[in-house]
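Inside the fold
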Amino acid sequence: MTARAPTLSLTAVCRTFGTGARAVGAVRGVSLELHAGEAVCIMGPSGSGKSTLLSIMGGLLEPDRGEVAIAGRRLADLSQRARCELRRRQVGFVFQRFNLMGALSAAENVELGLHLAGVAAPEGRRRAAGVLERFGLGPRGGALPRDLSGGEQQRVALARALAPGPVLLLADEPTGNLDSANGRRVVELIRAHVRGTGAAAVVVTHDRRVSEAMDHCLWMEDGVLGGFEDRPGAAA
Amino acid sequence: MWSRLARRNVLLDRRRFATSALGVAFALALVLVQLGLFTGLAANATQVIDRSPGDVWITGRNTGNFQWGQPIPRRSLDVVRSTPGIDWARELVTGWTQLRHPDGGVQRLEVIGFDLQSRVGAPWNVVAGDARDLAVPGRVALDATSRGKLGHFSLGDHREIGRRRVRIAAVTHGITSFTTIPFVFASLDTAREITGTIGADETVYVVAGLAPDASLEAALDALRGRLPHLDVYARQAFRERTRRYWMFETGMGIGFLLTSMLAVCVGAVIVSQTLYAATSEHLPEYGTLKAMGATDADLTSIVVRQALIAGAAGCVPGALIGAVVVRGIRAQGLEALLGPGLVAIAAGIALGACVLAALGSIRRVRTLEPAMVFRL
């Protein structure tokens, strides 16, 4: 990795669920630095701790030990409210099942992300329309999620995550529910965003094609992160 | 944005929304009917006080309400008249008597004997005859609304009231008694005669008016000093005393209150259940919002807005149903009042209950772990 200030920094992070004999170490001593413009994927078997690690990276879950910092800000030093504020403006999330607001249209879902980031309504509407247009969803802005295909829904979810311009994108199996063509499209959009904005991205996936498009690939097993595989210019 | 999301969430599940709104509507209608009856009865209990001029009421010691007036010395009238700050004073005689039907049956009557020179206790809504004719001994005014209990009567008819043959010299309309016992209005002397319990040297109430620029408090103090064995009330205080007695000391008000509370509870439970089910269904969305940085306050505001939307949607039909039922009650001759103020208060209570009903759902979303979004 480079010597630049990290966008995401994890130092000896541990997280255990349960106590005593039932204690399970979901994340065990994970350290990682991710810099602007880097996209890494994390692979590993189910139950290896990938989702827990992703939650810790996004400030959704507190580690038992270790430190997490996003854009140079240590999460442990932030209040609950400040952490929310950080997630609103600096972190974008993409989920396997899209997690769109079912009652809001595609455009409104994107607007929601911008609203949380503090963008005023008229500007939010304008920017949401622009992002959807860029993602090839311009004519579908008024459609409800239930009227969109899986690929369209994931692109809307990605648009929602990326519209506020986060410095860190955390994606959990973003292609898990998509066919190969739509999966490729989503990966291209993530890569384009990382290249275009200098954001960093962490993608948890089982999909070998996704991993091949990332700069680095990490293997996680039994809560331990390892097996670093560098892929310079993988998706350039 | 939160308002839009709340509104859309509510409208997305129309059946659940309709159930909530219906629950609120019926709860509100029931509350309005109860409140309407309650305020109607309260107003009815003090209608003679409300329609009489005067600032001060002097009553027998510990008179709990207007209906249960007890004889007091008539000379207190002179004491009141000679008190500084008092401009005028009139007496009012109240009591109970019986009307004997030609077939021997009897009907209890509430007697109001008033001073014909004043409007203190005088009948209103006179639809036939003239109240001034009551000055002639043995003449009375009856209310047409009570014909069901009194039998058919017309102006000029004679009836046996209080073992005395009296002539109906005036007919009123719509003067129904709080006790449901019909009123009979008469002069002071006729009233004493037909009640048979109030002597010529007795009266029941003395009602006084203040001199211009006189202080009510000073006049009350002076009267209390001069009439230590009687109770002296400002008009408003006696009015409140009477209402408080019937509404709360008899337990009647508590009955209305409990029924209203029950209605509110039923409505709240319906809203609570439907809202909780809707919230549970939308948990992944709330979790996503939390992950995206929405605060607990944001999520609370969404849930509260949903509860208020359902409540507001139920308030409109609820108010209409309540108004129709109250109108029906009035058509039956019972007293019920339903003004915009009461509707606003009841709607406020209903909306407040909706917010309380949302507490379970609020707790659910506030305790939601945002990390759940990665475990779905």
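Since we're looking at a predicted model, the values are computed, not measured. (Residues numbered from 1 in each chain as written. Chains lettered and ligands numbered in written order. Predicted model: local features only at pLDDT ≥ 70, side-chain atom pairs only at ≥ 80, totals over all residues. Heavy atoms only, no water.)

A look at the overall build of chain B
Helix and strand counts for chain B stand at 13 helices and twelve strands. For a compact globule of 376 residues, the expected C-alpha radius of gyration is about 21 Å, and chain B comes in at 29 Å, more than 25% above that figure. For the C-alpha atoms alone, the extent of chain B along its principal axes is close to 90 × 50 × 30 Å. Across the 376 residues in chain B, those meeting the buried criterion constitute 52%. (Helix = DSSP H or I, 4+ residues; strand = E, 2+ residues; numbered from the N terminus. Rg over C-alpha atoms; globule rule 2.2 N^0.38 Å. Buried < 20%, exposed > 50% of the residue type's maximum accessible area, 1.4 Å probe, protein only.)

Overview of the packing of helix H5 (residues 150-162) of chain A against helix H6 (residues 180-197) of chain A
Residues and elements named next belong to chain A. Viewed as axis vectors pointing N to C, H5 and H6 meet at an angle of 15°, and their least axial separation amounts to 9 Å. Taken together, H5 and H6 sit at an angle that is classed as roughly parallel. Judged by the sense of rotation from one axis to the other, the crossing of H5 with H6 is right-handed. In contact with Gly151, Gln154, Arg155, Leu158 and Leu162 of H5, H6 contributes Asn182, Arg185, Val186, Leu189, Ile190 and His193. Classifying every residue of the contact of H5 with H6 gives five nonpolar, four polar and two charged. (Axes fitted to C-alpha atoms, helices over the stretch in contact; angles between N-to-C directions. Parallel < 35°, antiparallel > 145°, perpendicular 65-115°, else oblique. Left-handed = near helix turned anticlockwise from the far one by under 90°. Contact = heavy atoms within 4.5 Å. Nonpolar A, V, L, I, M, F, W, Y, C, P; charged D, E, K, R; others polar.)

Regarding the interface of chain A and chain B
Listed per partner, the contact involves 29 residues of chain A and 24 residues of chain B. Note on chain A versus chain B: buried area summed over both sides is about 2,500 Å², and carbon and sulfur give 65% of it. Among the residues chain A hides against chain B, the three largest losses belong to Leu60, Met101 and Ala103 of chain A. Together they make up 21% of the total. Linking chain A with chain B are four salt bridges. Those elements giving two or more residues to the side of chain A that touches chain B turn out to be helix H1 (50-57), helix H2 (80-90) and helix H3 (106-116) of chain A. With six residues, H3 of chain A is the single largest residue contributor to the side of chain A that touches chain B. (Buried area = accessible area lost by both parts, 1.4 Å probe. Salt bridge = Lys/Arg side-chain N within 4 Å of Asp/Glu carboxyl O.)

Digging into the pattern of salt bridges
Summed over the entire model, instances satisfying the criterion amount to 28 salt bridges over all chains. Between Glu111 of chain A and Arg4 of chain B there is a salt bridge, with its nearest N and O atoms 3.5 Å apart. Taken together, the residues Glu111 of chain A in helix H3 and Arg4 of chain B in helix H1 (residues 2-12) connect one chain to another. Judged by relative accessible area, which is 6%, Glu111 of chain A ranks as buried. What makes Arg4 of chain B buried here is its relative accessible area of 18%. In this structure, Arg239 of chain B engages Asp50 of chain B in a salt bridge whose closest nitrogen and oxygen atoms are separated by 2.6 Å. Placement of Arg239 of chain B in helix H8 (residues 235-249) and of Asp50 of chain B in helix H3 (residues 47-51) is noted, with a sequence separation of 189 residues between them. For Arg239 of chain B, a relative accessible area of 17% gives the class buried. Residues joined by salt bridges that share partners form a network here, namely Glu108, Glu111 and Arg125 of chain A together with Arg4 and Arg8 of chain B.

Regarding unusual backbone geometry
With a phi close to 45°, Glu173 of chain A is a non-glycine residue in the positive phi region. Of note, Glu173 of chain A is situated in the loop between strand E7 (168-172) and H6. For Asn125 of chain B, which is not glycine, the phi torsion reads 50° and is therefore positive. Positionally, Asn125 of chain B belongs in the loop between strand E4 (106-114) and strand E5 (126-129).

Description of the domain arrangement of chain B
Under the domain assignment used here, chain B contains domain 1 (2-44 + 251-375) and domain 2 (61-229). Each of domain 1 of chain B and domain 2 of chain B has a C-alpha centre, and these two points are 47 Å apart. (Domains from an automatic or database assignment.)

Points about the pairing of strand E8 (residues 200-204) of chain A
Residues and elements named next belong to chain A. Among the five residues of E8, five are classified as buried, and the element is accordingly described as predominantly covered. Because side chains alternate across E8, one face comprises the buried residues Ala200, Val202 and Val204, and the other comprises Ala201 and Val203, equally buried. Where strand E3 (residues 39-43) and E8 come together, four bridges link them in parallel fashion. What sits directly across from Cys41, in E8, is Val203. Sheet topology places E7 next to E8; five bridges connect them, and they run parallel. Residue Ala171 lies in a different strand from E8, and its bridge partner there is Val203. In terms of handedness, the path from E7 via H6 over to E8 forms a crossover that is right-handed. (Pairing = 2+ DSSP bridges. Right-handed = clockwise from strand over helix to strand, strands pointing away.)

Looking at the side chain of Ser76 of chain B
Residues and elements named next belong to chain B. Mapping Ser76 onto the fold places it in helix H4 (residues 76-81). Taking the relative accessible area as the measure of exposure, Ser76 reaches 3% and is therefore buried. Those residues in contact with Ser76 that sit more than four places away from it in its chain are Val206, Leu227 and Leu230.

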